[in-house]
Amino acid sequence: MTVRVWDPLLRLFHWSLVAAFAVAWLTSEEGQPLHQTAGYVAAGLIGFRLIWGLIGPRYARFAQFIRGPAAVAGYLGAMLRGRERRYLGHNPAGAAMIVALLLALSGTAFTGWLIAEPTRMAMLPALPGVVSPAFADEENDEGPRGEAGEGAIEELHGALANLTLLLVVLHLGGVAIASLRHRENLPRAMVTGRKRAPGPDDIA
Ligand code: HEM
Ligand code: HEM
C-alpha cells in the first residue's frame, strides 16, 4: 500500500530546479544569455520553495522536517551503524542537505545577478549605508568598485556554483543510500509523489 507524500507543486519544483541548474551549469561559458535566464528561473523556484515551506502541505513544510544539528548528527551516527529509521518525509540528514542546497543556490544566483550588470556591483560598497546610516563609510568615497572587486565576485560566483555541484553529488549519494537501505525507489517517489505506507518503526 502506498500513501501520497509529495504534492504536485513540490515535485514540479524539484524537477524544474534540476533542469534550471543543469542548463545554467551547461551554459556558464562567457556571455550566454540562456545562462542568466536559467539562473533567474532557479532563483524564482527557490523563492516559491521558501513560501511553500511555510504554507504548503504537511510534508512540504520546513517545520515538519528541519531538525537541529544534534538530530542530524544522531541520524548520521545511526546510518553508520546501519540502524537509521525510515522517515515518510525527509530524514534529518536529507533536510540538512536541502537547506545547504537552497543556500548555495541562492548565493550562486545572487552573485550571478551582481556580476551581470556593472551598476549592481557599483551599488555594493554603498549597501551598508542604505541599510543604516550608522554603517555608512564616509571615508570611502572612491565610487564604484574597480576591476579587482568584480573579479572577486565572479570567482565567488564560480566557487558557489562548484559548491552547489558538490552538494548535488552528495545529495544523489544520500538518495541512493536511503533508497537501498529502505528498499524503495526515492527518485520515483519524487515523480509519483507516493511512498510505501509507514510501518510501526517508521517516522511519519
Ligand atoms: C543556479 C544558478 C547559476 C549557476 C549554477 C551558475 C553557474 C556559473 C558558472 C559555473 C560560471 C562560470 C564561472 C567561472 O568560470 O569562474 C558562471 C558565470 C557567470 N554567470 Fe552564472 N550561474 C548561475 C546563475 C547566474 C545568474 C542568475 C546570472 C545573472 C543574472 C549569472 C551570470 C553569470 C555571468 C555574467 C557569468 C560570467 C560569464 C561571462 O563572462 O559571461 N549566473 N555561472
Ligand atoms: C537526477 C538527479 C536528482 C535526483 C534523482 C534527485 C532525487 C531527489 C529525491 C528522491 C528527493 C527526496 C528526498 C527524500 O526522500 O527525502 C529530492 C529532494 C530534493 N532535491 Fe533532488 N534529485 C536530483 C537532483 C537535484 C538537483 C540537481 C538539485 C538542486 C540543484 C536538487 C535539489 C533537491 C531539493 C531542494 C530537494 C528537497 C525537495 C523539497 O522538499 O523541496 N535535486 N531529490
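Before any of the text, the structure's been laid out above.
For the structure given in this document, a descriptive report is provided here. (Residues numbered from 1 in each chain as written. Chains lettered and ligands numbered in written order. Predicted model: local features only at pLDDT ≥ 70, side-chain atom pairs only at ≥ 80, totals over all residues.)

1. Considerations on the overall build of the protein
Now for step 1: Scanning the protein from N- to C-terminus turns up 9 helices and 2 strands.
Now for step 2: Along the protein, from the amino end to the carboxyl end, the secondary structure elements read β-α-α-α-α-α-α-α-α-α-β.
Now for step 3: With respect to the three principal axes, the spread of C-alpha positions in the protein is 65 × 40 × 30 Å.
Now for step 4: Counting over 204 residues, the protein shows a buried share of 15%.
Now for step 5: Across the protein, the fraction of contacts at a sequence separation of at least 24, relative to all contacts at a separation of at least 6, is 67%. (Helix = DSSP H or I, 4+ residues; strand = E, 2+ residues; numbered from the N terminus. Buried ≥ 20, exposed ≤ 12 C-beta atoms within 10 Å, placed from the backbone. Contact = placed C-beta atoms within 7 Å.)

2. Digging into unusual backbone geometry
Now for step 1: Even without being a glycine, R183 presents a positive backbone phi close to 50 degrees.
Now for step 2: Accessibility expressed as a C-beta count within 10 Å gives 8 for R183, which makes it exposed.

3. Notes on the site of ligand 2
Now for step 1: Close contacts around ligand 2 come from 20 residues, with F21, H90, G94, L186 and P187 the closest.
Now for step 2: Those elements that provide at least two residues to the shell around ligand 2 are α1 (8–26), α5 (92–116), α8 (147–181) and α9 (186–192).
Now for step 3: Here the element with the most residues in the shell around ligand 2 is α1; it accounts for 6 residues.
Now for step 4: Of the residues belonging to the shell around ligand 2, the class tally is 15 nonpolar, 4 polar and 1 charged. (Near = placed C-beta within 6 Å. Nonpolar A, V, L, I, M, F, W, Y, C, P; charged D, E, K, R; others polar.)

4. So, the environment of V18
Now for step 1: If you trace the backbone, V18 turns up in helix α1.
Now for step 2: The spacing of V18 and Y75 is 57 residues in sequence and 26 Å in space, taken between C-alpha atoms.

5. Digging into the environment of P125
Now for step 1: Relative to the elements of secondary structure, P125 occurs in the loop between α6 (118–123) and α7 (127–131).
Now for step 2: Judged by the 16 C-beta atoms lying within 10 Å of it, P125 falls in the partly exposed class.

6. Focus on the packing of helix α2 (residues 33–55) against α5
Now for step 1: Where α2 meets α5, the axes come as close as 10 Å, and the angle between the chain directions of the two elements is 135 degrees. As far as their axial angle goes, α5 and α2 are oblique. Between α2 and α5 the crossing geometry is left-handed. Seen from α2, the contacting residues are Q36, G39, A42, A43, I46 and R49; seen from α5, they are L102, L105, S106, A109, G112 and A116.
Now for step 2: For the contact of α2 with α5, a count of residues per class yields 7 nonpolar, 4 polar and 1 charged. (Axes fitted to C-alpha atoms, helices over the stretch in contact; angles between N-to-C directions. Parallel < 35°, antiparallel > 145°, perpendicular 65-115°, else oblique. Left-handed = near helix turned anticlockwise from the far one by under 90°.)

7. Quick word on the nonpolar core
Now for step 1: Of all hydrophobic cores here, the largest spans 8 residues; its members are A20, F21, A24, A38, A42, L45, L105 and A109.
Now for step 2: Counting residues per element, the ones that place at least two in this core are α1, α2 and α5.
Now for step 3: If sequence neighbours within four positions are ignored, A109 has contacts with G39, A42 and A43.
Now for step 4: If you look at the next biggest cluster of nonpolar residues, it comprises 5 residues, including F65, A93, A95 and M97. (Core = buried A, V, L, I, M, F, W, Y, C linked by C-beta atoms within 7 Å.)

8. Some thoughts on the site of ligand 1
Now for step 1: Neighbouring residues of ligand 1: 24 residues in total, closest S28, G39, G112, G158 and A161.
Now for step 2: For the shell around ligand 1, the secondary structure elements donating two or more residues are α1, α2, α5 and α8.
Now for step 3: Here the shell around ligand 1 takes 7 residues from α5, the largest share from any one element.
Now for step 4: Class assignment for the residues of the shell around ligand 1 results in 12 nonpolar, 10 polar and 2 charged.

9. With respect to α2
Now for step 1: Over its 23 residues, α2 runs 34 Å from end to end, which matches the ideal 33 Å to within 8%, given 1.5 Å per residue.
Now for step 2: Buried within α2 we find A38, G39, A42, L45 and R49.
Now for step 3: Those residues of α2 that are buried are in contact with α1 and α5. (Expected span 1.5 Å × (residues − 1).)

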